[in-house]
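Spelled out from the first residue to the last, the chains are:
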Amino acid sequence: MMFSALLCVILYSIPVQGFQGHQIITRTPSHLAHSPIRNLSVSPLNHQKLYNTPFPHPSSNSVRVPGNSVQRSTSTSLNAILNPAVLTAALGATTKLLSSIGIGALATPAGPKQFGRILDGPAVSALSKLTYWLFQPCFLFCGVAGTLAKASTPQVPGSAAVGMTTSSLLLLPLASLIQISLGFVAAKIITTKRFGIRPAFLGIDTDDEAGASDIRMCTTFANSGPLPLILTDALFRGGLLSDVAACISFYLLAWSPLFWTFGKIILGLNEESDEASDVQSSRSSVVVKQIKSILSPPVMGSILGVIVGSNSVLRNLFISPTGLLAPVFGSLKTFGSAYLPAAILVLSGSLVKKRDPTADAAKTSLSSKTIVSILLSRFILSPIIALSTVRLMTFFKLMPVNNARNLAIVTFALLMEGCMPPAQNSVILLQLANEKDRAGKMAKLLTITYSLSAIPVTLLLSGCLSLSGILNFAS
């Protein structure tokens, strides 16, 4: 992990060359001191080709690079993805993420004594609970409510529309369901017992159902909450930041309950024995338990944000500066601001761990084929599924093609969600089920995967920025 961060810092400091025809424009990323894309606008792929609609892109006339004026590029898809300005922004976000994780890793038991080694198991567990029950729900509540409130504000005649519409935001849970479903189908296919695929390509025995389940989990569920929000915070500022964060929040409305329920099924975990031990357990208590697992605190935070942001009376109470409950909303925003730092520390503590001498090395050992299969599924298969989801929703006329800004934001959010490494909460599911050996193996697999994900995430993030055209709306 520290090596990946150092590599990104070195690459980020190298001057970048931009190509336009036969001219070479050399520039350094010094203008990215405050935001990787501040005052930066680059031409994306033609929306008529990507979405098959007559919708004109707002930057159809020119591209703006700081210090240079360049006419609109007619380059190929690959050239658009490898646009040096976009790559610089993506590399800056990845570098910030890995640097943050590396700094957090210094406080883990694997770090030097000078940093106290305070981010141990109990500390990570306590911080995880605070994040899950307080910080993340407050963050999602304020983000969603603020975005919907902004969308409901009457626009000045003649001015460009700002803010996400409710209809655009509601596309995210649907897309989340589609991506997870397609990911699971693909995971079932690549983990089949037939044709000797498991030992030949996955590095597990043919009858190793636990190993196959772990690979299915990593293929089906990505890190769809903390990591996209951290990268979004590194990329954007102002209204664009809040709107993309709101899209991620709505994406989690479907992702979160599916992860905590369907994820257990994928991993082969069940609670039948626990339910059988409680003879007096009634059907109503089982239903209540299922509802609680679906309506998790982050999901409730997003739902309450929708209610407050969509209701004019509640908006005036909470969000208006003169509202009676404005101080409460301000307090919730303060707690929500702790979410991203806490998520980074939890990620650092989860990935960077001291080797347990009591662990069974044979049960936690990993094959290189398993690691390669996860990397291929997450950084090749999943992006293809994400792009297919965008095209599918476009085909059924669900995408907001009449609103350039909303279209770019929704497209970027959906593509980015398909380019993330596996969800680190898979380890928590296994730990809760008392599967200590599998939890240790999963933690080891995720640590290696995250360490190797710096370059593919940077390239894929660059592709997301270019294909969506979101940089044209950065202020």
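Since the structure is predicted, the reported quantities are computational estimates derived from the model, not experimental observations.

Participant: I keep staring at the overall build of the protein chain and nothing clicks. Help me out?
Facilitator: Scanning the protein chain for helices and strands turns up 23 helices and four strands. The buried share among the 475 residues of the protein chain stands at 48%. Considering only contacts within the protein chain whose residues lie at least 6 apart along the sequence, 79% involve residues at least 24 apart. With the model as given, the accessible surface of the protein chain reaches about 22,300 Å², and the carbon-plus-sulfur share is 64%.

Participant: How do you make sense of the packing of aromatic side chains when you look at a structure like this?
Facilitator: Here the structure, examined in full by the defined rule, presents twelve aromatic pairs. Centroid distance F221 to W255: 5.9 Å. Interplanar angle 85°. Geometry classified as edge-to-face. Pair noted here: F221 is in the loop between α9 (209-220) and α10 (226-235) and W255 is in helix α11 (residues 238-266), with a separation of 34 residues, a long-range link. On the basis of relative accessibility, which here comes to 7%, the residue W255 falls in the buried class. Ring geometry for W255 versus F259: centroids 4.9 Å apart, planes at 10°, classification stacked. Of this pair, W255 and F259 both sit in helix α11, four residues apart, roughly one helical turn. Of the two residues examined, W255 and F259, each falls in the buried class. What links up through ring pairs into an aromatic cluster is the set Y132, W133, F221, W255, F259 and W260.

Participant: What am I meant to see in the state of the cysteines here?
Facilitator: Simply put, disulfide is the name for a covalent bond between the sulfur atoms of two cysteines. Under the criterion given, the structure shown has zero disulfides. Free cysteine C138: the closest other cysteine sulfur is in C142, separated by 6.3 Å. With relative accessibility at 10%, the residue C142 sits in the buried group.

Participant: What is the right way to read the packing of helix α20 (residues 404-417) against helix α23 (residues 454-468) from this model?
Facilitator: Any two packed helices are characterised by the angle at which their axes cross and by the distance between the axes. Across the interface, α20 lies against α23 with an axial gap of 9 Å and an inter-helix angle of 155°. In terms of orientation, α20 lies roughly antiparallel with respect to α23. In this structure, α20 meets α23 at a crossing whose hand is right-handed. Across from A408, T411, F412, L415 and M416 in α20, the residues of α23 making contact are L461, C464, L465, L467 and S468. Partitioning the contact of α20 with α23 into residue classes produces eight nonpolar, two polar and no charged.

Participant: What's the story with α23 in this structure? I'm lost.
Facilitator: Along an α-helix, residues three or four apart share an orientation, since each turn contains 3.6 residues. Between the first and last C-alpha of α23 there are 21 Å, a value that for 15 residues agrees with the 21 Å anticipated at 1.5 Å per step. Within α23, twelve of the 15 residues are buried, which leaves the element mostly enclosed by the surrounding structure. A454, V457, T458, L460, L461, S462, G463, C464, L465, S466, L467 and S468 are the residues of α23 that are buried. Count one or two residues on from α23 and you reach G469, which has phi positive near 75°.

Participant: Looking at this structure, I do not really get the pattern of salt bridges. What am I missing?
Facilitator: Opposite charge on two side chains permits pairing when their charged atoms draw close. For the structure shown, the criterion picks out six salt bridges. Residue K193 is joined to E209 by a salt bridge in which the shortest nitrogen-to-oxygen separation is 3.4 Å. Of this pair, K193 sits in the loop between α7 (171-190) and α8 (197-202) while E209 sits in helix α9; the two residues are 16 residues apart in sequence, bridging distant segments of the chain. Given a relative accessible area of 46%, K193 falls into the partly exposed group. Between R405 and D243 there is a salt bridge, with the nearest N and O atoms lying 2.6 Å from each other. You can see R405 sitting in helix α20 and its partner D243 sitting in helix α11, a full 162 residues away along the chain. Using a relative accessible area of 0% as the deciding quantity, one classes D243 as buried. Overlapping salt bridges, with partners in common, bring together K193, R198, E209 and R216 in one network.

Participant: Which parts of the structure should I look at to understand a nonpolar patch on the surface?
Facilitator: Taken together, the side chains of L174, L392, F395, F396 and L398 make up a nonpolar region of the molecular surface, amounting to roughly 500 Å² of accessible area. Residue classification places F396 among the exposed residues on the basis of a relative accessible area of 53%.

Participant: Whenever I open this one, the side chain of E417 confuses me. Can you help?
Facilitator: Within the secondary structure, E417 sits in helix α20. In this structure, E417 is buried with no salt-bridge partner, the nearest side chain bearing the opposite charge being R378 at 7.8 Å. Polar side-chain contacts of E417 include one of 3.2 Å to the side chain of S224. The contacts of E417, once residues within four sequence positions are left out, are Q179, A222, S224, P228, I248, Y251 and R378.

Participant: What is the right way to look at the environment of V410 in this model?
Facilitator: Position of V410 relative to the elements: it lies in helix α20. Its relative accessible area of 0% is what places V410 among the buried residues. Separated by 163 residues in the primary sequence, V410 and C247 place their C-alpha atoms 6.9 Å from one another.

Participant: Explain the nonpolar core to me, please; I cannot follow it from the model alone.
Facilitator: Proteins that are soluble and globular tend to have nonpolar side chains buried together. F412, L465 and I470 are the most contacted members of the largest nonpolar core, which has 96 residues in total. Take this core: its biggest share by element is 13 residues, from α11. Apart from the residues within four sequence positions on either side, L465 is in contact with V86, A89, A90, L235, F236, F412, I470 and L471. Grouped together as the second largest cluster of nonpolar side chains are six residues, F141, C142, A145 and F329 included.

Participant: Please explain the confidence of the model for the protein chain as it appears in this structure.
Facilitator: Where the model shows low pLDDT, its predicted coordinates should not be examined in detail. On average, residues of the protein chain score 77 in pLDDT, and 75% of them are at 70 or above. Contacts of residues 1-49 to residues separated by more than four positions or lying in other chains number 112 contacts, the stretch itself having pLDDT below 50. Across residues 51-76, where pLDDT falls below 50, the model places 57 contacts with residues more than four positions away in sequence or in other chains.

Participant: Just checking my understanding: could you explain the environment of I374 for this structure?
Facilitator: Relative to the helices and strands, I374 resides in helix α19 (residues 368-395). I374 sits 156 residues away from C218 along the chain, and the two C-alpha atoms are 6.9 Å apart.

Analysis parameters
- Throughout, residues of each chain are indexed from 1 in the direction in which the sequence is written.
- A pLDDT threshold of at least 70 governs which residues receive local features in this predicted model, and a stricter bar of 80 or more applies before side-chain atom pairs are shown or counted, although totals over entire chains, interfaces and linings include all residues.
- Only hydrogens and water are removed before side-chain values are computed, so all heavy atoms of the structure are retained for them.
- Only DSSP runs of H or I covering at least 4 residues are called helices, and only runs of E covering at least 2 are called strands; the numbering of each starts at the N terminus.
- For the exposure calls, accessible area comes from a 1.4 Å probe over protein chains only, and a residue counts as buried if that area is under 20% of its type's maximum, exposed if over 50%, partly exposed in between.
- Every residue pair with non-hydrogen atoms within 4.5 Å of one another is taken to be in contact.
- Only the protein chains shown count as cover for residues, and the accessible areas themselves come from Shrake-Rupley with a 1.4 Å probe.
- Between 30 and 60 degrees the pair is tilted, below 30 it is stacked and above 60 it is edge-to-face, where a pair is any two Phe, Tyr or Trp rings, Trp via its six-membered ring, whose centres lie within 6.5 Å.
- What counts as a disulfide here is a pair of cysteine sulfur atoms lying within 2.5 Å.
- Note on geometry: axes are C-alpha line fits, over the in-contact stretch for helices, and angles between N-to-C directions span 0 to 180 degrees.
- Convention used here: angles under 35 degrees read as roughly parallel, angles over 145 as roughly antiparallel, angles from 65 to 115 as roughly perpendicular, and any remaining angle as oblique.
- Crossings are classed by handedness, with left-handed meaning an anticlockwise turn of the near helix from the far one by less than a right angle and right-handed meaning a clockwise turn.
- Each residue receives one of three labels: charged for Asp, Glu, Lys and Arg, nonpolar for Ala, Val, Leu, Ile, Met, Phe, Trp, Tyr, Cys and Pro, and polar for the others, Gly being one of them.
- The span expected for a helix works out to 1.5 Å for each residue beyond the first.
- Any carboxyl oxygen of Asp or Glu within 4 Å of a side-chain nitrogen of Lys or Arg constitutes a salt bridge here.
- Residues enter patches when they are more than 30% accessible in relative terms and free of salt bridges; like-charged ones are connected within 9 Å and nonpolar ones (Val, Leu, Ile, Met, Phe, Trp, Tyr) within 5 Å.
- The convention is simple: Lys and Arg are positive, Asp and Glu are negative, and His and the chain ends are not counted.
- Between N or O atoms, a polar contact is any pair within 3.5 Å; within protein, one atom must be a potential hydrogen donor and the other a potential acceptor, and residues adjacent in sequence are included only when both atoms are from side chains.
- What makes a nonpolar core is a set of buried Ala, Val, Leu, Ile, Met, Phe, Trp, Tyr and Cys residues whose side-chain atoms join them at distances within 4.5 Å.
- Confidence scores labelled pLDDT are given residue by residue by the predictor and lie between 0 and 100.

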